[in-house]
Amino acid sequence: MSLAAETTVSRSDLAALADSALTGAGFATRTAAVLTEAALFAEDRGRPEVGVTHLLDYLRAAESGSLNPAPAPVLTRVAPGLISCSADKGPFHTGFDAAFGDLVEAARSLGVVAFVQSEAFASGQLGWFTERLASAGLAAVGAVNSNALLSTAPGTGRVLGTNPLAYSFPSGAGRVVTVDQASSATAYVNIRRAAEAGESIPEGWAVDADGRPATDPVAALTGALLPFGGYKGANIAWLVELVATMSGANWSVDAPPFDAGPECPSVGMFLLGVDLTKLAPAGPGRIGAHLERIAGLGIRPPGSPRAEPRAAFTVADPVLATLREYAARAPHTPGAETP
């Protein structure tokens with residue numbers, strides 16, 4: 001199967017198109033804005049599978065009823081440094097955005113803050129959440145679960161989600177270092193993309209429905225993903241499962257799929273933020289200097305520095321066509337044109 005043709009689109013045009021598409025699908029203004037911001041964040045970091053293409057999952061879920069496009073998250077301060085959020089079946093982004101100011105204020109006052117979220121749809125790139133906290137000067141760790149896609153070992157069925165874990169640290173002079181990785185050997189959307197493109201996948205990524213190693217992504221979609229690093233990766237997926245569901249969110253095995261059906265996955269999130277300056281005023285600069293020293297020894301430091309915003313992106317034509325279809329439904333503003 002040949003790959004779809006692609007078109008280069010400027011950042012401003014792509015942002016406007018994505019926002020219009022979400023608005024056309026009934027998304028609330030602020031929810032559309034943060035989803036667009038998160039999609040471009042992923043594109044900037046070379047993660048298109050959870051970038052603009054992933055917006056199609058949100059658009060279709062809003063149509064199917066599994067995602068509330070205009071949620072009203074409910075925030076509860078459970079304790080001085082613990083904030084809980086019921087996402088009202090919306091994306092994690094809306095609840096986090098509503099809580100962001102309170103999270104930063106609590107961390108600066110108490111030194112540490114935790115945020116848990118339940119009744120949510122899906123996260124996209126988790127690093128968007130932790131890096132936003134780090135941009136406010138906090139060291140941040142995040143975890144979310146998803147519907148069950150992961151087998152803990154070959155021969156077993158789906159037990160856990162891909163359950164990503166992310167962390168971001170401010171490293172001085174406005175710099176942020178972020179690591180964001182799934183507990184699975186690869187992301188589910190990469191298996192789906194390979195199936196759509198007619199490509200094979202490496203052995204070790206997934207098993208088929210009978211628990212046998214799969215290199216055919218279509219067979220993998222009916223089977224299960226595998227954890228990275230064997231049982232050690234599975235243990236990290238279990239850690240994510242336990243902390244992400246502390247709010248009462250669905251266990252992965254109980255969560256409906258995010259890309260099919262009318263039911264919201266209602267999965268959970270956990271975020272921890274620490275004000276480094278409470279421990280050492282020069283903490284972020286110290287981290288930056290250490291990472292530079294490690295790099296000077298020829299060793300790649302963990303993660304990567306914050307990416308500079310790109311001026312343009314290459315997007316598959318079918319994705320652009322779908323975005324334009326939804327954008328055409330948005331209320332028309334005199335003088336405005338769809339990119």
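Attention shifts here to helix H6 (residues 188-197). Here H6 lies mainly inside the structure; eight of its ten residues are buried. For H6, the full list of buried residues reads Tyr188, Val189, Asn190, Ile191, Arg192, Ala194, Ala195 and Ala197. Next to the buried residues of H6 lie helix H3 (55-64), helix H7 (217-221) and strand S10 (224-225). The first or second residue beyond H6 is glycine 198, which carries a positive phi of 70°.

The subject of this paragraph is the layout of surface pockets. A probe as big as a water molecule, rolled over the atoms, marks out the empty space that is left. In this structure, the largest pocket spans a volume of roughly 820 Å³. Lining the largest pocket are 26 residues, with Thr53, Arg193, Glu196, Ala316 and Val319 sitting closest to its centre. Only H3, H6, strand S13 (312-316) and helix H11 (317-327) provide two or more residues apiece to the lining of the largest pocket. Among the elements that make up the lining of the largest pocket, the one with the highest residue count is H6 (five residues). Estimates place the volume of the second largest pocket at around 460 Å³. Taken together, 31 residues line the second largest pocket, and the ones lying closest to its centre are Val50, Gly124, Thr162, Pro164 and Ala187. Here the lining of the second largest pocket takes three residues from H6, the largest share from any one element.

A separate point is unusual backbone geometry. Of note in this structure, lysine 89 is not a glycine but carries a positive phi near 65°. By the element assignment, lysine 89 lies in the loop between strand S3 (82-86) and helix H4 (92-110). With phi around 50°, serine 266 is a residue other than glycine that occupies positive phi space. Of note, serine 266 is situated in the loop between helix H8 (231-244) and strand S11 (267-275).

Definitions and cut-offs
Residues numbered from 1 in each chain as written. Predicted model: local features only at pLDDT ≥ 70, side-chain atom pairs only at ≥ 80, totals over all residues. Heavy atoms only, no water. Buried < 20%, exposed > 50% of the residue type's maximum accessible area, 1.4 Å probe, protein only. Helix = DSSP H or I, 4+ residues; strand = E, 2+ residues; numbered from the N terminus. Contact = heavy atoms within 4.5 Å. 1 Å grid on protein atoms, 1.4 Å probe; cavity = no way out; pocket = protein on both sides within 12 Å on 5 of 7 lines; lining within 4 Å. Points joined across faces, edges and corners; volume = space filled by probe spheres on them.

What is shown is where atoms sit, not what they do.
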